[in-house]
Amino acid sequence: MTNLYDLGFLEGIIGETIVSTYDVDGQATAAPMGIVVESNERLRIRPYTSSLTYKNLQANRCAVVNVTSNPELFYLTAFKESNTNRKLSLELFEKAEMVDAPRLLAADAIIEVLVAETGSFSPERAEFLCNVQLVKASKALPTVYCRAQFATIEAIIHATRIKPFLRGNKQEQKHAFRLLELVNVCKDVVNRTAPNSRYSEIMAELHQRISLWKNESESLR
Ligand SMILES: Cc1cc2nc3c(=O)[nH]c(=O)nc-3n(C[C@H](O)[C@H](O)[C@H](O)COP(=O)(O)O)c2cc1C
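Residues numbered from 1 in each chain as written. Predicted model: local features only at pLDDT ≥ 70, side-chain atom pairs only at ≥ 80, totals over all residues. Heavy atoms only, no water.

> How should the layout of surface pockets be read in this particular structure?
Empty pockets left among the atoms are what a rolling probe the size of a water molecule brings to light. Of the volumes computed, that of the largest pocket is approximately 1,200 Å³. For the largest pocket, the lining is made up of 40 residues, of which Ala31, Pro32, Met33, Ser51 and Thr160 are closest to its centre. Going through the elements one at a time, β1 (14-22), β2 (28-37), α1 (52-60), α2 (71-78) and α3 (147-166) are the ones with two or more residues in the lining of the largest pocket. Viewed by domain, the lining of the largest pocket spans two of them, domain 1 (5-137) and domain 2 (147-220), each represented by three or more residues. Val67, Thr68, Ser69, Asp108 and Thr143 are the residues nearest the centre of the second largest pocket, which is lined by 26 residues in total. Looking at the lining of the second largest pocket, the elements with two or more residues in it are α2 and α3. At five residues, α3 tops the list of elements feeding residues into the lining of the second largest pocket. (1 Å grid on protein atoms, 1.4 Å probe; cavity = no way out; pocket = protein on both sides within 12 Å on 5 of 7 lines; lining within 4 Å. Points joined across faces, edges and corners; volume = space filled by probe spheres on them. Helix = DSSP H or I, 4+ residues; strand = E, 2+ residues; numbered from the N terminus. Domains from an automatic or database assignment.)

> What is the right way to look at the packing of α2 against helix α5 (residues 198-220) in this model?
Look at α2 against α5: their axes get within 10 Å of each other, and the N-to-C directions meet at 25°. Here α2 lies roughly parallel to α5, going by the angle between them. Of the two possible hands of crossing, α2 and α5 adopt the one that is left-handed. Between α2 and α5, the residues in contact are Pro71, Glu72 and Tyr75 and Arg198, Tyr199, Ile202, Glu205, Leu206 and Arg209, respectively. (Axes fitted to C-alpha atoms, helices over the stretch in contact; angles between N-to-C directions. Parallel < 35°, antiparallel > 145°, perpendicular 65-115°, else oblique. Left-handed = near helix turned anticlockwise from the far one by under 90°. Contact = heavy atoms within 4.5 Å.)

Structure representation (structure tokens):
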């Protein structure tokens, strides 16, 4: 079986992945989540308790951790509303082998896990300690480091926090505006290193979304 360390995970360091689960209706879904590896057999997932992934992990006690560096996959799974019909296509998934969860067909590697323990990481975030059941990697070729690719993923992470912070108290709103500055830095990198690409398109869409959230939160005041 492929080793977690072969996939670039290091103990105690967050690796950004996409966690896929079934919801209460048995519908496949997925969301980007940071993973902390504890050993080759154990890892931690820390979802906000407001997320659907949290509810699904609580209910089903299993998931697939999908390894990818494709910004499109991060974007589609972080913002389900960016998909056709505002929902993730079922064609993105197949059933996992060892656990009752879906896995992403386009992932470079998959880690099938069972939840062993549930705890709390912070007031807003739970922590699931998971046992690894299966690790599988594709034979993808090495890929060149592309600043735009990583800047796009970085901007998507910030954008997922901007929406709730804009709706929060004064302190949280301040934080939202700091994150917005970071998104603008990422946008600048993308537009310089990958103009007219899918990455610059995603950045433009993110920018539009953020403007909408800002207008919504101002109209609520
Ligand atoms: C790279 C990346 C890492 C993320 N890590 C986490 C995480 O560790 N925990 C979390 O709750 N949300 C995380 N998010 C945000 C969620 O993916 C996002 O809120 C998503 O919409 C939740 O979807 P769900 O409600 O379907 O679970 C991350 C987003 C990105 C882009």
